[in-house]
Amino acid sequence: MMRTVALTIDIEPDCPPYLRTYRGIESGLPALLEVLEKYDVKATFFITGDVALKYPQEVAKIARRYEIGCHGYSHMRFDRMTFEEAADEIEKSTAVLRRLAGRVVSFRAPNLIFPERFLGLLKDNGYLIDSSLAKYKVGHLYRIHAGGKDDLNNGLLRIPVSATSSLLRLPLGNGILRRLDSPVILFFHPWEFVDMSGEPVRWDCKINTGSRALARLESLIGFFKNSNYRFCTLSDFLRL
Ligand SMILES: [Zn+2]
């Protein structure tokens, strides 16, 4: 079977919760889109409703070429919300994104934390895919051990991410990529392609940001192309 890789990008304020700036969208995103176009690869962009309202033209532009998914409204953590607050976040962001981008069927919660009690809200709002799980988190391993299925759960296709977003910026070669099972789901943020070294953020949000991260992205795309992986959007997996 052909091995597959999905590049996914979460669009939100810079390095939350530390900053409320949008340099990632203003200068990281154009650089990122240029690389994706240069290599002609597919990608899925998870966008918050708040960003979509502030940057509607950027969202419409991305939607012409890539899949758009929902990343909540305010980038607040869902595990700190009541059921009503979670419903409101999902309904509001979904309405904004569908107005700008048309079909939106993939969801990813901020911080990859989405309580199971809210899964029904995704179905109620027409979502087919949830990508809020992470293969490297203890909670996910526990779920699988307890008999939770990776793929279909509550009528949703659950697609866990394969590695932390800082994979792009850690001083590692491409050898580590060979160890990830297919489908490989990677994620990163536009602010990682902006130099964050002078910002008051956590150390792991600063290292190798900016042009280094962009060069790493090119190298990583080259690795998957040379290894004959097929690039997919998350909604492609509904058909695979
Ligand atoms: Zn996020």
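Values in this document were obtained by computation on a predicted structure and should not be read as measured data.

Peer 1: Kindly report on the overall build of the protein, identifying the contributing residues and their values.
Peer 2: Scanning the protein for helices and strands turns up seven helices and nine strands. A compact globule built from 240 residues should have a C-alpha radius of gyration of about 18 Å, and the protein, at 17 Å, falls within 12% of that. When its C-alpha atoms are laid out on the principal axes, the protein stretches across 40 × 40 × 35 Å. Counting across all 240 residues of the protein, residues that qualify as buried make up 40%.

Peer 1: Could you give an account of helix 4 (residues 83-101), with specific residues and numbers?
Peer 2: The first and last C-alpha atoms of helix 4 sit 26 Å apart over 19 residues, in line with the 27 Å expected at 1.5 Å per residue. Buried residues in helix 4 make contact with strand 2 (44-47), helix 2 (49-54), helix 3 (56-63), strand 3 (67-70) and helix 5 (119-124). With its phi angle positive at about 80 degrees, Gly 102 sits one or two positions after the end of helix 4.

Peer 1: For the nonpolar core, give the residues involved together with the corresponding values.
Peer 2: Membership of the largest hydrophobic core comes to 59 residues, with the highest contact counts inside it found for Ile 9, Phe 45, Ile 47, Ile 68 and Leu 97. At six residues, the largest contribution of residues to this core is made by helix 4. For Phe 45, the contacting residues outside a window of four places in its chain are Ile 9, Ile 11, Ile 62, Tyr 66, Ile 68 and Gly 69.

Peer 1: Quick rundown of the pairing of strand 1 (residues 4-11)? Include the residues and the values.
Peer 2: Successive residues of a regular strand alternate their side chains across the two faces of the sheet. Burial within strand 1 is extensive, with seven of its eight residues counted as buried. Where strand 1 lies against strand 9 (residues 230-231), two bridges are found, and the strand directions are parallel. Counterpart to Thr 4 in the pairing with strand 9 is Arg 230. Direction of pairing for strand 1 relative to strand 8 (residues 184-188): parallel, over a ladder of five bridges. Within strand 8, the position partnered with Thr 8 by the bridge is Phe 187. Here four bridges tie strand 1 to strand 2, and the two strands are oriented parallel to one another. Looking across to strand 2, one finds that Asp 10 is bridged to Phe 46.

Peer 1: Any details on the environment of Pro 30? Residues and values, ideally.
Peer 2: Tracing the backbone shows Pro 30 in helix 1 (residues 23-39). When the C-alpha positions of Pro 30 and Leu 172 are compared, they lie 25 Å apart, and in sequence the two are 142 residues distant.

Peer 1: So what's going on with the packing of helix 1 against helix 7 (residues 211-226)? Which residues, and what values?
Peer 2: Where helix 1 contacts helix 7, the axes come no closer than 11 Å and their chain directions differ by 25 degrees. Considering the angle they form, helix 1 stands roughly parallel to helix 7. When you trace helix 1 past helix 7, the crossing you get is right-handed. Contacts from Ala 31, Val 35 and Tyr 39 in helix 1 reach Leu 214, Leu 217, Glu 218, Ile 221 and Lys 225 in helix 7. Looking at side-chain class alone, the contact of helix 1 with helix 7 contains six nonpolar, no polar and two charged residues.

Peer 1: For helix 3, give the residues involved together with the corresponding values.
Peer 2: Of all the positions in helix 3, only Glu 58, Val 59 and Ile 62 are classed as buried. In a view along the axis of helix 3, the buried residues occupy a sector of 100 degrees, so they form one face of it. The inward-facing, buried residues of helix 3 abut helix 1, strand 2, helix 2, strand 3 and helix 4.

Peer 1: Could you give an account of unusual backbone geometry, naming the residues involved and the relevant values?
Peer 2: Cis geometry marks the peptide bond from Ser 182 to Pro 183, where omega comes out at -5 degrees. Take Pro 183: it is sitting in the loop between strand 7 (156-158) and strand 8. Positive phi is not limited to glycine here, since Asp 40 has a value of about 50 degrees. Its identity is not glycine, yet His 75 carries a phi of approximately 65 degrees, on the positive side.

Definitions and limits used
For every chain, the first residue of its written sequence is number 1, and the numbers climb from 1 along that sequence. Residue-level local features of this predicted model are given only where pLDDT is at least 70; pairs of side-chain atoms are given and counted only at 80 or more, and the full residue set underlies all totals for whole chains, interfaces and linings. In this description a helix means any DSSP run of H or I spanning at least four residues, a strand means any run of E spanning at least two, and both kinds are numbered starting from the N terminus. Computation of the radius of gyration draws on C-alpha atoms alone. For the globule rule, the value is 2.2 Å times the number of residues to the power 0.38. Note on burial: count the other C-beta atoms lying within 10 Å of the residue's C-beta; 20 or more is buried, 12 or fewer is exposed, in between is partly exposed, and C-beta positions come from the backbone. Multiplying 1.5 Å by the residue count of a helix minus one yields the expected span of that helix. Two residues form a contact once the distance between their C-beta atoms, set from the backbone, is within 7 Å. Any set of buried Ala, Val, Leu, Ile, Met, Phe, Trp, Tyr and Cys residues joined through C-beta atoms within 7 Å is what this text calls a nonpolar core. Here a strand pair is declared whenever DSSP counts at least two bridges between the two strands. Axes here mean lines fitted to C-alpha atoms, for a helix over just the part in contact, with angles spanning 0 to 180 degrees between N-to-C directions. To sort the angles, those under 35 degrees are grouped as roughly parallel, those over 145 as roughly antiparallel, those from 65 to 115 as roughly perpendicular, and the leftovers as oblique. With the far helix as reference, a near helix turned anticlockwise by less than a right angle produces a left-handed crossing, and one turned clockwise produces a right-handed crossing. When residue character is reported, Ala, Val, Leu, Ile, Met, Phe, Trp, Tyr, Cys and Pro are called nonpolar, Asp, Glu, Lys and Arg charged, and the others, Gly included, polar. In this description, one arc is meant: the one made by directions from the helix axis to the C-beta atoms.

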